[in-house]
Structures are given as C-alpha cells and as structure tokens.
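Each chain, letter by letter, is given below.
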Amino acid sequence: MTQTTSRVLEPSDLDAALAVLDREPVVNAFVTSRVQVAGLDPWRLGGEMWGWYEDGILTSLCYAGANLVPICAGPRAVRAFADRARRAGRRCSSIVGPSGPTSDLWRLLEPQWGPARDVRRHQPLMVTDRLPDGVTPDPYVRRVRKDEMETIMPACVAMFTEEVGVSPLAGDGGLLYQARVAELVGSGRAFARFDSDGKVVFKAEIGAATDRACQIQGVWVAPEYRGTGMAAPGMAAVLRYALADVAPVVSLYVNDFNTPARRAYQKVGFQEVGAFMSVLF
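In this text the structure is predicted, and so the values were computed from the model without any measurement.

Conventions and cut-offs
- Residues numbered from 1 in each chain as written.
- Predicted model: local features only at pLDDT ≥ 70, side-chain atom pairs only at ≥ 80, totals over all residues.
- Heavy atoms only, no water.
- Axes fitted to C-alpha atoms, helices over the stretch in contact; angles between N-to-C directions.
- Helix = DSSP H or I, 4+ residues; strand = E, 2+ residues; numbered from the N terminus.
- Parallel < 35°, antiparallel > 145°, perpendicular 65-115°, else oblique.
- Left-handed = near helix turned anticlockwise from the far one by under 90°.
- Contact = heavy atoms within 4.5 Å.
- Nonpolar A, V, L, I, M, F, W, Y, C, P; charged D, E, K, R; others polar.
- Buried < 20%, exposed > 50% of the residue type's maximum accessible area, 1.4 Å probe, protein only.
- Pairing = 2+ DSSP bridges.
- Right-handed = clockwise from strand over helix to strand, strands pointing away.
- Polar contact = N/O pair within 3.5 Å; in protein donor to acceptor, adjacent residues only side chain to side chain.
- Disulfide = S-S within 2.5 Å.
- Phe/Tyr/Trp six-rings, centres within 6.5 Å; stacked < 30°, edge-to-face > 60°.
- Lys NZ or Arg CZ within 6 Å of the ring centre and 35° of its normal.

A. Just the packing of helix H4 (residues 75-88) against helix H5 (residues 99-113), in detail. It is at 9 Å that the axes of H4 and H5 come closest, and there the two elements cross at 30°. In terms of orientation, H4 lies roughly parallel with respect to H5. Of the two possible hands of crossing, H4 and H5 adopt the one that is right-handed. Here Val78, Arg79, Phe81, Ala82, Ala85 and Arg86 of H4 lie close against H5, whose contacting residues are Pro101, Asp104, Leu105, Leu108, Leu109, Gln112 and Trp113. In terms of residue class, the contact of H4 with H5 is made up of nine nonpolar, one polar and three charged.

Written as structure tokens, this is what we have:
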C-alpha cells in the first residue's frame, strides 16, 4: 500500500520542489519564477508551499499565498491540500491553476469558503515559440522606463479593475500592486505604446519568467483604440522581446468570453494547449 503524507515544505526541500515544478514548465511558470527567486522560505516567497508525498517521494505541490495554486496535483493530493486549506482558513484572494485540479479543489472548499465573487471555469492556456509570419510587430511598443511609472500606473489599474472586477487600490491603497508594477518595470518586463500626448494606448507585461517559459499578462488597449487592430501588432512586439530576451516558450491565459483578445492572440500564433480556472473572492 502506498504511504502518503502532506506537509509544509522547508528551504531544504527546494531541489525536490523544483523537480516537481519542472515537470510542466509552461503551466507552472508563475510559481516556478517565484520559487527560483525566493526559495521556499515563506516570508520571502509570500506564502507557504505544501507538499504531497507518495512513498517518501514529493509528487505534488500547492502554493498557498495571495493565490492558492495546485501544482501537478492528482485527486488524493487535491483532497489533502483542501483539508489543509480548510484548517488554515481562507487567506487567499483567488484559487487559480489547471482547470481539472482547481475545479476539484474548489468543489471541496466551496461549502466552507463559498460563495466566490466570480468563478471562471475555462480560461484557455495559449502557447507559442515563434514570431508570426503575417503580423508585423508594432515598432512603437517598447520597454517602459523607470521614470514612466506615473504614466503607466493608471493603465495598469484600469486593466486590473476591468479584468478582476475590483480595484487593486482597495485595501492597502495600492501599495502592493504598485510595488509589483515597479518590479516589472525595473526588470524590463513592462511594455507599452504611448501616443503623441504620452498617454498609454497599449500595454502588456511579462509577469512570470523562467529560463524555460514565460507568461504574458496585463494586456490592455485603451478603450478609444479598441477595434482598430492595435492588439495583434502590439502582442507581436512583446512576443519578440520575450523570445529574444526571456525564454524559448511564451504563454498566456485568457477568459473564454473575451473573443477579441482570443482572436488577436490566435492571429499572433498562440495556440490553445490546455485551460486554467480561476476562483475570485
């Protein structure tokens, strides 16, 4: 009979945790990028990493921070993580991850943690490893400079509020969110096109980055420019930077109901390879 157990991982478990994350480099890019920078110390990581062991071997993980993220988790691991999450109480603002395990996790947690503010059951995960043939990258999309934080912030806040349904400025006045945007700008992973008045008309960031995969996030076109064909060339420009400077594979996930975005991503060569699910509180 298989011996199983779950526990909070410690810094000494780093190599074993990275080996699990490495099994699905695209799907796990968000958590892998955090772990590679911060290790498994909860204070630096911004949360605990839970491990699920079968016969003494670490086979599954669950990141428990601002998000609850099941990683390479089968049904028994999901049950163990749900038990642990119930005992700890809800401290996350969302549950997000591959749709299968995330759906199972939510089914187990919903009686105690529900109702959620929003459940997005099917968010296509899209991937590409090359530049498109038929779309010329927008030459005006460039890296955002550190002295442009004040210019980019309103666009970031607008995108987040539109996407998530609440303002990132709620609660702490936006300190955490501003720090995250500053981190992306400072590391050269924030991109935008500005109009002649210096206003942001397109933006996107490379939010998670490892040497094997990176993830584009925060794609936004100013409302007055929507429907003008700006998204695809803008995405092609960000994709060019990502492939040249960051990783050989670029991914993103998108709400299934966002037809214009999905069309733009397909035009740039992104293909669906799976699906994520998000539960927002």
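B. Examining the pairing of strand S10 (residues 214-221) more closely. Burial within S10 is extensive, with six of its eight residues counted as buried. Pairing between strand S9 (residues 200-209) and S10: six bridges, direction antiparallel. Bridging from a neighbouring strand, isoleucine 206 pairs with isoleucine 216 of S10. Turn length for the S9-S10 hairpin, with the two strands adjacent in sequence and antiparallel, is four residues. Summarising the sheet, S10 and strand S11 (residues 250-253) pair through two bridges and their orientation is parallel. Paired with glutamine 215 across the two strands is serine 251, which belongs to S11. On the question of chirality, the crossover connecting S10 to the parallel S11 by way of helix H8 (residues 231-245) is right-handed.

C. Focus on the side chain of arginine 262. With respect to the secondary-structure elements, arginine 262 resides in helix H9 (residues 259-267). Only 2.8 Å separates the side chain of arginine 262 from the side chain of glutamate 272, close enough to count as a polar contact. Excluding anything up to four places from it in sequence, arginine 262 contacts Pro124, Met126, Val254, Asn255, Asp256 and Glu272.

D. Structural detail: the state of the cysteines. Using the criterion set out here, one finds zero disulfides in the structure. With no disulfide partner, cysteine 92 has as its closest neighbouring cysteine sulfur the one in cysteine 62, 8.9 Å distant.

E. Region of the structure containing the packing of aromatic side chains. Under the counting rule described, the total for this entry stands at seven aromatic pairs. Ring geometry for tyrosine 253 against phenylalanine 276: centres 4.7 Å apart, planes inclined by 20°, an arrangement best described as stacked. Of this pair, tyrosine 253 sits in strand S11 while phenylalanine 276 sits in strand S12 (residues 271-280), and the two are 23 residues apart along the sequence. Of the residues examined, tyrosine 253 reaches a relative accessible area of 32% and is grouped as partly exposed. Overall, the relative accessible area of 7% leaves phenylalanine 276 in the buried class. Consider the rings of tyrosine 265 and phenylalanine 270, whose centres lie 6.2 Å apart with planes at 65°: the pair is edge-to-face. Considered together, tyrosine 265 and phenylalanine 270 belong to a single accessibility category, that of buried residues. Taking the ring centre of tryptophan 50 as reference, the NZ or CZ of arginine 84 above it sits at 6.0 Å.

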